Amino acid sequence: MRYIIPIISSLLIIIGVSFIAAMMLRFFNKRIWQSRYLQKFAIWLPRATAFSQLIWLVGILLGAGIFYLIGGSLTTVLIFFILALVIALPISWLFYQIGSKVTNAKHKEQRRKFLKSMAGVFPVAALSFAATGVVKSYSKVKVPIIEVPVPDLPLALDGLRIAHLSDLHLGYYFQLDELQLALYDIKAQNPDIFFVTGDVADELHQLDKALNMINELDTPHKGFASVGNHEYYRGIDKVISVYGNNPVPLLLDHGVTIQINGQPVYIGGADDPVSHRLDMQSFLRKTVEKSMQDAPENAFKILLSHRPAAFDIAQNMGVHLTLAGHTHGAQFGFNGRSVFEGNPIERYLWGLYRNNGKALYTSCGMGHWFPFRFGCPAEAPILVLKQAKA
């Protein structure tokens, strides 16, 4: 419940921005389109935003799926439409003004109508963009095959196929039947082992069923899981209890050594700092050290960390492969990367990263708690280890 106050504060900010967008729409409508329908729409926009957010909030508080399905989807469309309006309306006005100045008296009325239509392209495109992002968030989970070159990879691990599952967020916009469909596609790729890097279930009663379903991948080598911030939001003690009665082991500040084709492979599971606190790097350093402290010297080392920021620490500790999630690729992508790539807050948003002969894969997740994806499809990648030169 302590997260309700920030949620409500965010919703109030959104309503405030919707009022600004509505005022802008009324202002520009009087000067460009003079449409009574747009005038009415501007009046109802803040009300519709508040109503959709109320439905969403009720769904969050009551755990009622239909409410946050409808409320969340509608709110998301409105949020992006409102933000796009704030940007698009001044552009529409500028386009209209420039076009008006270069026209001559001849065919003035026809050109004026044409300019009105063209000025309307920007707001319409904004609405189309918002709706498309929401629709794509419900698309089928993709199972891409990603080759991961690793210098000095032991021959026994060459071609090892790892199924990476992360950020399912079961209960919001991703359900058990959709997980089952994704697992069919994952199993068809014949993974050798699977790893789950946190944020599995936002409706905790689905966690046990989900883990049993994932375990039915029946990979040749046992899979493992680590925690994310949403495990803490739902109650970490309850989560640990579920894992304790489940065939998928949870690695929390510790690791295990398994044998794959005679090669020792050490798998460590990092804890999650839960919130973006000032000492996050210190926290991550301690948990990575704990997770990897029992790793044999000759083992191939894998770290499961919900936070991709752990990669900077892990690579310096000799971890060959780090698997992470959390970011959802910022839910905007292009050509296999997040459009926000390289920002100072979170550098490893989506995809494969290599540095000093070590590798990180950040999954953009199978599910989400915010129903919007654009160029950043839900995924459960199959990572194929390959020998490579340093």
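Before any of the text, the structure's been laid out above.
Just so it is clear, the structure is predicted and the values come from calculations on it, not from any experiment. (Residues numbered from 1 in each chain as written. Predicted model: local features only at pLDDT ≥ 70, side-chain atom pairs only at ≥ 80, totals over all residues. Heavy atoms only, no water.)

A.B. asks: Just checking my understanding: could you explain the sheet that holds strand β6 (residues 263–269) for this structure?
C.D. replies: Each strand in a sheet pairs with its neighbour through backbone hydrogen bonds, running either in the same direction (parallel) or in the opposite one (antiparallel). Taken together, six strands build an open sheet; the order of strands is β5-β6-β7-β8-β12-β11 and the sheet is mixed. Both outer strands of the open sheet, β5 (254–260) and β11 (351–355), are each paired with one neighbouring strand and no more. Strand-to-strand twist of the sheet, defined as the mean angle between neighbouring strand axes without regard to direction, takes the value 20 degrees. Bridging between strand β7 (residues 300–304) and strand β8 (residues 321–324) involves three bridges; their strand directions are parallel. Paired with Leu 303 across the strands is Thr 322, a residue of β8. (Pairing = 2+ DSSP bridges. Helix = DSSP H or I, 4+ residues; strand = E, 2+ residues; numbered from the N terminus. Axes fitted to C-alpha atoms, helices over the stretch in contact; angles between N-to-C directions.)

A.B. asks: How should I be thinking about the packing of helix α6 (residues 176–187) against helix α7 (residues 207–215) in this particular structure?
C.D. replies: For any two helices packed against each other, the geometry comes down to the angle between their axes and how far apart the axes lie. It is at 10 Å that the axes of α6 and α7 come closest, and there the two elements cross at 10 degrees. Between α6 and α7, the angle falls in the class roughly parallel. Here Leu 176, Leu 179, Gln 180 and Leu 183 of α6 lie close against α7, whose contacting residues are Lys 209, Ala 210, Met 213 and Ile 214. (Parallel < 35°, antiparallel > 145°, perpendicular 65-115°, else oblique. Contact = heavy atoms within 4.5 Å.)

A.B. asks: Teacher, can you tell me more about the packing of aromatic side chains here?
C.D. replies: Describing an aromatic ring pair means giving the distance of the ring centres and the angle of the ring planes. On inspection of all chains with the given rule, the structure shows 17 aromatic pairs. Here the guanidinium or amino end of Arg 47 rests over the ring plane of Trp 44, the centre of that ring lying 4.6 Å away. The aromatic ring of Tyr 353 is capped on one face by Arg 337, whose charged end is 4.2 Å from the ring centroid. (Phe/Tyr/Trp six-rings, centres within 6.5 Å; stacked < 30°, edge-to-face > 60°. Lys NZ or Arg CZ within 6 Å of the ring centre and 35° of its normal.)

A.B. asks: Where do I start with the pairing of β11 in this structure?
C.D. replies: The side chains of a regular strand alternate, residue by residue, between the two faces of the sheet. As defined by bridge partners, β11 adjoins strand β12 (residues 358–362) across five bridges and the pair is classed as antiparallel. Its bridge partner lying in β12, Leu 352 is registered against Tyr 361. The hairpin turn running from β11 into β12, its antiparallel successor, is two residues long, and Asn 356 in that turn takes a positive phi close to 55 degrees.

A.B. asks: Explanation requested: the pattern of salt bridges in the structure shown.
C.D. replies: Where side chains of opposite charge bring their charged atoms close, a pairing between them can arise. In this structure the tally under the stated criterion is four salt bridges. Note that Asp 272 and Arg 307 form a salt bridge whose closest N and O atoms lie 2.8 Å from each other. Of this pair, Asp 272 sits in the loop between β6 and α10 (280–292) while Arg 307 sits in the loop between β7 and α11 (311–316), and the two are 35 residues apart along the sequence. A single burial state applies to Asp 272 and to Arg 307, both of which are buried. The salt bridge involving Arg 347 is made with Asp 312; its shortest N-O contact spans 2.4 Å. Linking Arg 347 in the loop between β10 (337–338) and β11 with Asp 312 in helix α11, this pair joins segments that are 35 residues apart in sequence. For Arg 347, a relative accessible area of 40% corresponds to the partly exposed category. (Salt bridge = Lys/Arg side-chain N within 4 Å of Asp/Glu carboxyl O. Buried < 20%, exposed > 50% of the residue type's maximum accessible area, 1.4 Å probe, protein only.)

A.B. asks: Could you clarify how one ought to interpret the environment of Asp 294 in this entry?
C.D. replies: Summarising the element assignment, Asp 294 is placed in the loop between α10 and β7. Relative accessible area serves as the criterion here: at 52%, Asp 294 is assigned to the exposed category. Between the C-alpha atoms of Asp 294 and Ser 363, which are 69 residues apart in sequence, the distance is 26 Å.

A.B. asks: What is the right way to look at the sheet that holds strand β3 (residues 193–197) in this model?
C.D. replies: In space, the five strands of this open sheet follow the order β1-β13-β2-β3-β4, with mixed pairing throughout. Both outer strands of the open sheet, β1 (145–151) and β4 (224–226), are each paired with one neighbouring strand and no more. Within the sheet, the average angular offset between the axes of one strand and its neighbour, ignoring direction, is 30 degrees. Pairing geometry for strand β2 (residues 161–165) and β3, over four bridges, is parallel. The partner of His 164 across the bridge, within β3, is Phe 195.

A.B. asks: I tried to follow the pairing of β12 on my own but got confused; where do I start?
C.D. replies: Within β12, five of the five residues are buried, which leaves it mostly tucked inside the rest of the structure. Here β12 shows no split at all, with Lys 358, Leu 360 and Thr 362 on one side and Ala 359 and Tyr 361 on the other all buried. Taken together, the four bridges between β8 and β12 define a ladder with parallel strand orientation. Pairing of Ala 324 across the sheet is with Thr 362, part of β12.

By themselves these figures say nothing about function.
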